Amino acid sequence: MTDHALLARLEGIGAGFARTPLARLSHERLRLYAKLEFQNPTGSVKDRSAYLILRRAAERGELTSASVVVESSSGNFAISLASFCRAAGLSFVPVIDPNTNQATERFLRAACERVEKVTVRDESGGFLLSRLTAVRRLRAGLPDGYWPNQYENADAADAHELMTGAELCAALERIDYVFVGVGTGATIAGVARCVKRLWPRAKVVAVDAEGSAIFGSPPRARHIPGLGSAIRPPMVDRAEIDDVVLVPETETVAACHDLVRKHGIYAGGSTGSVYAAIERYFAGYRGPAPVVAMLCADRGTAYADTVYRPGWLAERLPEPVLSI
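Let me begin by describing the structure that accompanies this report. Sequence order as written defines the numbering, with residues in each chain counted from 1. In keeping with the predicted nature of the model, local features appear solely for residues at pLDDT of at least 70, side-chain atom pairs appear and are counted solely at 80 or more, and the whole-chain, interface and lining totals rest on all residues. Excluding hydrogens and water, the side-chain values take into account all heavy atoms of the structure.

1. Some points on the layout of surface pockets
Quantified by volume, the second largest pocket comes out at close to 350 Å³. Both site types are read off a 1 Å grid over the protein atoms alone. A 1.4 Å probe that fits but cannot get out defines a cavity, while an open set with protein on both sides within 12 Å along at least five of seven lines defines a pocket; lining residues have an atom within 4 Å of a point. As for the second largest pocket, its lining consists of 19 residues, of which Pro 98, Thr 100, Thr 306, Trp 312 and Arg 316 are closest to the centre. Elements represented by at least two residues in the lining of the second largest pocket include exactly α4 (102-111) and α10 (312-316). Tallying contributions element by element places α4 first for the lining of the second largest pocket, with 3 residues. Ten residue types, Ala, Val, Leu, Ile, Met, Phe, Trp, Tyr, Cys and Pro, are classed as nonpolar, four, Asp, Glu, Lys and Arg, as charged, and the remainder, Gly among them, as polar. By residue class, the composition of the lining of the second largest pocket is 6 nonpolar, 7 polar and 6 charged. Grid points are joined across faces, edges and corners, and a volume is the space filled by probe spheres set on the points. Only DSSP runs of H or I covering at least 4 residues are called helices, and only runs of E covering at least 2 are called strands; the numbering of each starts at the N terminus.

Okay, structure coming up:
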């Protein structure tokens, strides 16, 4: 049965969404546009999927005011859920890991009565499978636990079709390429639907981190949250993807710094990966300037002590790298 009071509160949250800006970035070979998703209510593209997942779950009666929301997240999705659940009067337990930025963890501990942090790596060398095990354990002990399951929930992809993708397509006369970072696969699945519907010949380019297993590489430990996964999320198979670019974390860090220096965009790690992928993809390109769109998933504030701290990544890698 639908909890109409909860649904009304969630719809009020949705009324606070506004179109995020589209910025033209100077580039010698491309007509490059960045959709600034860090202008969403809590500062990331994950606001779109978190909101629609909660609202539709309430519409279906799966989520009520008595529910306890439990979800695995390395950062932004947990921030979105924590904020929206607090505003809607819902309890939320985020399951995080040591790769979660300190600023994000501090926020979650301030906003949530309980935060579950896993510290044991799984067989892939990462923490995702450990987080999912913790989610199952927590839900088993709750009388009314609700798992949004961002890794498989079709509502997440719908959010990026109806909101993120629709706004992007409405703002441009055409798109030749769109580059999207991949974690759960929801963003690229939703955005691709919009882009391909209007411009069937446009290329959708997935950007992933080296060490991620999404596109068939052996999984290994990664240090920057946002992109990548130790598993292939089912929603990736629902996305119409034309090309894939894998980006090493050293290039991610360098690209984040380049975005600040060249364009004044202080963005998070996944955005740096997307920008690095564009530079790789069009290296040496000399044809007519194509229209290229990219998503800036979140702001760089939470990465000030990691990606933007000189030498941070070099301290964590087995072999020395040039310091930024």
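After presenting the structure, the write-up continues.
2. Focus: the sheet that holds strand β7 (residues 177-181)
Spatially, β1-β2-β10-β7-β8-β9 is the arrangement adopted by the 6 strands of the open sheet, whose pairing is mixed. Sheet topology places β1 (22-25) and β9 (243-247) at the edges, where each strand pairs with a single neighbour. Across the sheet, the mean angle from the axis of one strand to that of its neighbour is 25°, orientation sign disregarded. Strand pairing is defined by DSSP finding a minimum of two bridges between the two strands. Direction of pairing for strand β8 (residues 203-209) relative to β9: parallel, over a ladder of 5 bridges. Bridge pairing links Asp 208 to Leu 246 in β9. A fitted line through C-alpha atoms serves as each axis, taken over the contacting stretch for helices, and the angle formed by two N-to-C directions is quoted from 0 to 180°.

3. Some details on the environment of Ile 214
Note on placement: Ile 214 falls in the loop between β8 and β9. Since its relative accessible area comes to 1%, Ile 214 is described here as buried. Sequence spacing of Ile 214 and Val 274 is 60 residues, and the spatial spacing of their C-alpha atoms is 16 Å. Type-normalised accessible area, obtained with a 1.4 Å probe on protein chains alone, sets the label of each residue: buried when under 20%, exposed when over 50%, and partly exposed for intermediate values.

4. Observations regarding the pattern of salt bridges
What counts as a salt bridge is simple: a side-chain nitrogen of Lys or Arg found within 4 Å of a carboxyl oxygen of Asp or Glu. This model, assessed by the stated rule, comprises 26 salt bridges. Residue Glu 116 pairs with Arg 137 through a salt bridge whose shortest N-O separation is 2.7 Å. Within this pair, whereas Glu 116 is found in strand β5 (residues 116-117), its partner Arg 137 is found in helix α5 (residues 128-140), the two being separated by 21 residues in sequence. Look at Glu 116 and you get buried, because its relative accessible area is 16%.

5. Quick look at the sheet that holds strand β6 (residues 145-146)
Remark on secondary structure: sheet strands pair via backbone hydrogen bonds, oriented parallel or antiparallel. With respect to topology, 4 strands assemble into an open sheet ordered β5-β4-β3-β6, the strand pairing being parallel. Across the chains shown, the open sheet's two edge strands, defined by having one partner strand only, are β5 and β6. Sitting on the sheet, α5 is in contact with β3 (68-72), β4 (91-96), β5 and β6, with an inclination near 165° to β3. Should any heavy atoms of two residues lie within 4.5 Å, those residues are counted as being in contact.

6. Section: the nonpolar core
Leu 63, Phe 92, Val 178 and Val 195 are the most contacted members of the largest nonpolar core, which totals 57 residues. Aside from chain neighbours lying at most four places away, what touches Leu 63 is Asp 3, Leu 6, Leu 54, Ala 57, Ala 58, Val 69, Leu 90 and Tyr 146. To qualify as a nonpolar core, a set must consist of buried Ala, Val, Leu, Ile, Met, Phe, Trp, Tyr and Cys residues joined through side-chain atoms within 4.5 Å.

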